[in-house]
Amino acid sequence: MNTNPIIALDFKSMDEVNRFLKQFNTSLFVKVGMELYLQNGPDIIKQIRAMGHDIFLDLKLHDIPNTVGQAMKGLGKLDIQLVNVHAAGGSIMMKSALEGLRESGSDALLIAVTQLTSTSEAMMNREQNIQGSINDSIINYAQLTHESGLDGVVCSPNESQLITDAVGKDFLKVTPGIRTLEDAKGDQIRIATPETAKANGSTHIVVGRSITQDANPVDKYELIKKAWEM
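Residues numbered from 1 in each chain as written. Predicted model: local features only at pLDDT ≥ 70, side-chain atom pairs only at ≥ 80, totals over all residues. Heavy atoms only, no water.

(A) Molecular detail of the overall build of the chain. Broken down by element type, the chain carries 11 helices and eight strands. Considered along the principal axes of its C-alpha atoms, the chain spans approximately 45 × 40 × 30 Å. Long-range contacts, defined as pairs at least 24 residues apart, comprise 66% of the intrachain contacts of the chain with a sequence gap of at least 6. Taking the average place of the 22 positive charges on the side chains of the chain and the average place of its 28 negative ones, the gap between the two points comes to 2 Å. (Helix = DSSP H or I, 4+ residues; strand = E, 2+ residues; numbered from the N terminus. Contact = heavy atoms within 4.5 Å. Lys, Arg positive; Asp, Glu negative; His and termini not counted. Charge placed at Lys NZ, Arg CZ, Asp CG, Glu CD.)

(B) Helix 7 (residues 134-147), seen in detail. The end-to-end C-alpha distance of helix 7, which contains 14 residues, comes to 20 Å, matching closely the 20 Å that a straight helix rising 1.5 Å per residue would cover. Once helix 7 ends, the next one or two residues include Gly149, with phi positive near 90°. (Expected span 1.5 Å × (residues − 1).)

(C) Looking closely at the packing of helix 7 against helix 8 (residues 160-167). Between helix 7 and helix 8, the least distance of the axes is 10 Å, while the angle of their chain directions is 45°. One way to sum up the angle between helix 7 and helix 8 is to call them oblique. Judged by the sense of rotation from one axis to the other, the crossing of helix 7 with helix 8 is right-handed. Of the residues in helix 8, those in contact with Asn135, Ile138, Ile139, Ala142, Gln143 and His146 of helix 7 are Leu162, Ile163, Ala166 and Val167. The residue makeup of the contact of helix 7 with helix 8, split by class, is seven nonpolar, three polar and no charged. (Axes fitted to C-alpha atoms, helices over the stretch in contact; angles between N-to-C directions. Parallel < 35°, antiparallel > 145°, perpendicular 65-115°, else oblique. Left-handed = near helix turned anticlockwise from the far one by under 90°. Nonpolar A, V, L, I, M, F, W, Y, C, P; charged D, E, K, R; others polar.)

(D) Highlighting the packing of helix 4 (residues 65-75) against helix 5 (residues 91-103). Axis separation between helix 4 and helix 5 bottoms out at 7 Å; the angle between their running directions is 25°. By the angle between their directions, the pair helix 4 and helix 5 is classed as roughly parallel. When you trace helix 4 past helix 5, the crossing you get is right-handed. Here Pro65, Val68, Gly69, Met72 and Lys73 of helix 4 come into contact with helix 5, specifically with Ile92, Met93, Ser96, Ala97, Gly100, Leu101 and Glu103. Across the contact of helix 4 with helix 5, the residue classes break down as seven nonpolar, three polar and two charged.

(E) Highlighting the environment of Asn216. Along the chain, Asn216 turns up in the loop between helix 10 (209-212) and helix 11 (217-229). C-alpha separation for the pair Asn216 and Glu147, spaced 69 residues apart in sequence, amounts to 43 Å.

(F) Local environment of the packing of aromatic side chains. Applying the stated criterion across every chain, the model contains three aromatic pairs. Each ring, one from Phe20 and one from Phe24, has its centre 5.2 Å from the other, and the planes form 55°; the classification is tilted. As far as burial versus exposure is concerned, Phe20 and Phe24 are alike and both buried. Here the aromatic rings of Phe24 and Tyr221 are separated by 5.7 Å at their centres, their planes lie at 85°, and the arrangement is edge-to-face. Of this pair, Phe24 sits in the loop between helix 1 (14-21) and strand 2 (29-33) while Tyr221 sits in helix 11, and the two are 197 residues apart along the sequence. (Phe/Tyr/Trp six-rings, centres within 6.5 Å; stacked < 30°, edge-to-face > 60°. Buried < 20%, exposed > 50% of the residue type's maximum accessible area, 1.4 Å probe, protein only.)

(G) Main features of the side chain of Thr145. Here Thr145 shows up in helix 7. Residue classification places Thr145 among the buried residues on the basis of a relative accessible area of 0%. In this structure, Thr145 is in contact with Ala87, Met94, Ala112, Leu150, Gly152, Val153 and Phe171, ignoring residues within four places of it in sequence.

(H) Up close: the nonpolar core. Residues Leu9, Ile48, Leu57 and Val85 are the most contacted members of the largest nonpolar core, which totals 46 residues. For this core, the element with the most residues is helix 5, which contributes five residues. Filtering out sequence-adjacent residues up to four positions away, Leu57 remains in contact with Val32, Tyr37, Ile45, Leu75, Leu78, Ile80, Leu82, Val83 and Asn84. Listed in part, the 11 residues of the second largest apolar core include Ile6, Ala8, Leu172 and Val206. (Core = buried A, V, L, I, M, F, W, Y, C linked by side-chain atoms within 4.5 Å.)

(I) Fine view of the pairing of strand 3 (residues 54-61). With six of eight residues buried, strand 3 is to be regarded as a mostly interior element. Direction of pairing for strand 2 relative to strand 3: parallel, over a ladder of five bridges. Its bridge partner being in strand 3, Val32 is matched across the sheet by Leu57. Handedness of the crossover joining strand 3 and strand 4 (residues 82-86) through helix 4: right-handed. (Pairing = 2+ DSSP bridges. Right-handed = clockwise from strand over helix to strand, strands pointing away.)

Honestly, it's all geometry; don't read function into it.
What follows is the structure in structure tokens.
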């Protein structure tokens, strides 16, 4: 699987996507999230794939098992390489998602979100009423995801080593919240540099505004890619 840094295309329209991607003279691994997908529909996937880029479709499905399974049957017909659900939906939902994805004929990898990188331990304790440490919650979700047959999880770089210790090094750890030291923190709480993510055992990193809002996004991408590959 492509291990290049995944660029989060946090745009609203295909015109914005085109302007951004045309600056690059190489194939990329990009993330299409809810903002872009829901405002443009599945054609956005076809257009980006036609440019030669791999796609992580980040919709974080979370519903009853039948609904998620049927949704995955549809998403699996798109030419995507990576897609996700919420681990909080439970093992039956995750297994249904995997079944639907495979029934579609897709060989895309399926991963599950543990805790959003915008969630702090205090927020988890108070707002989700999950007591204890956020690391314990994340490890629990990672183990549940592994037992459900999925390929990995979305987590912050801070938990990658803990997840490796719990379920093994071949389990994907896709980690958003990546920043260089000079970047603004934004709305993400559990963040790290590319170098730290690599040292902690992340298998993939997701970088959004640090690249897309930089004055020289191509140079910034190459800087992050170099740091990630060291």
